[in-house]
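# A structural walkthrough
As a plain string of letters, each chain reads:
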Amino acid sequence: MIPTSHELTTLISIPERGPYGDNKYRGNYAGDVLIKLIGFLQANGIAAPYVYDPMEGGMTSRDVCSSLNLPYVGSDIHQGFDVVGDDLHDTGFDLCILHYPYWNMIDYAHDLPEELQKKDMSRMEWKELSRR
Ligand SMILES: C[S@@+](CC[C@H](N)C(=O)[O-])C[C@H]1O[C@@H](n2cnc3c(N)ncnc32)[C@H](O)[C@@H]1O
């Protein structure tokens, strides 16, 4: 159910993880967060927001958009797309949801080919990131 409220606060409490995405993917988020953000856009006149998640991991955002029948593009370093260094040749998104890797806590790169490992933001030094 999409909320109809026009209110959006900086604090969102979602007690249950919910059914979206792969609940075994480390660091996955509750899809209801995205549902609330989408509901805010819809309450403000964007009936079918075009959503992009450049670090989709366990595909929570993809599942949410699929269940709401919304246009969606998702990518991840595990599909070879580096959000820091690569260009996405698409425009016109209404909502970009960024769920950053947990730096130095979850190593997302261990199963990647060597050339992609150094691009994984969970391993990247912040100085290195700010220079790019
Ligand atoms: C916190 S997880 C996202 C989890 C996702 N929101 C979910 O619910 O499953 C962060 C993701 O960022 C990806 N990632 C790390 N560095 C990246 C990069 N340079 N470009 C694209 N994705 C990257 C990781 O592979 C990981 O899947």
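Once that is clear, we can look at the overall build of the protein. Counting its secondary structure elements, the protein contains four helices and three strands. Secondary structure elements of the protein, listed N to C terminal, follow the sequence α-β-α-β-β-α-α. Within the protein, the proportion of its 132 residues that are buried is 20%. Considering only contacts in the protein between residues 6 or more positions apart, those separated by 24 or more positions represent 57%.

Turning to the environment of G18, a few remarks are in order. Here G18 lies in the segment before α1 (31-43). G18 sits 42 residues away from T60 along the chain, and the two C-alpha atoms are 9.8 Å apart. When near neighbours in sequence (up to four residues on either side) are disregarded, G18 contacts A30, G31 and D32.

Let's shift gears to the sheet that holds strand β2 (residues 72-74). One open sheet accounts for three strands, arranged β2-β1-β3; its pairing is parallel. Every other strand in the sheet has two partners, leaving β2 and β3 (95-96) as the edge strands with one partner each. Pairing of strand β1 (residues 51-53) with β3 involves two bridges; the strand directions are parallel. Note that in β3 the partner of Y52 across the bridge is C96.

Moving on: the site of the ligand. N28, M55, G57, G58 and T60 are the nearest of the 25 residues found near the ligand. Residue composition of the shell around the ligand, by class: eleven nonpolar, nine polar and five charged.

With that settled, the discussion passes to unusual backbone geometry. We note that M59 has phi near 65 degrees; this positive angle belongs to a residue other than glycine. Take M59: it is sitting in the loop between β1 and α2 (60-67). Phi is positive for N69, which is not a glycine, with a value near 60 degrees. Turning to its location among the elements, N69 is positioned in the loop between α2 and β2. Look at N69 and you get exposed, because 8 C-beta atoms sit within 10 Å.

Criteria and thresholds
- Residues numbered from 1 in each chain as written.
- Predicted model: local features only at pLDDT ≥ 70, side-chain atom pairs only at ≥ 80, totals over all residues.
- Helix = DSSP H or I, 4+ residues; strand = E, 2+ residues; numbered from the N terminus.
- Buried ≥ 20, exposed ≤ 12 C-beta atoms within 10 Å, placed from the backbone.
- Contact = placed C-beta atoms within 7 Å.
- Pairing = 2+ DSSP bridges.
- Near = placed C-beta within 6 Å.
- Nonpolar A, V, L, I, M, F, W, Y, C, P; charged D, E, K, R; others polar.

From the geometry alone we can't say anything about function, so treat these as descriptive.
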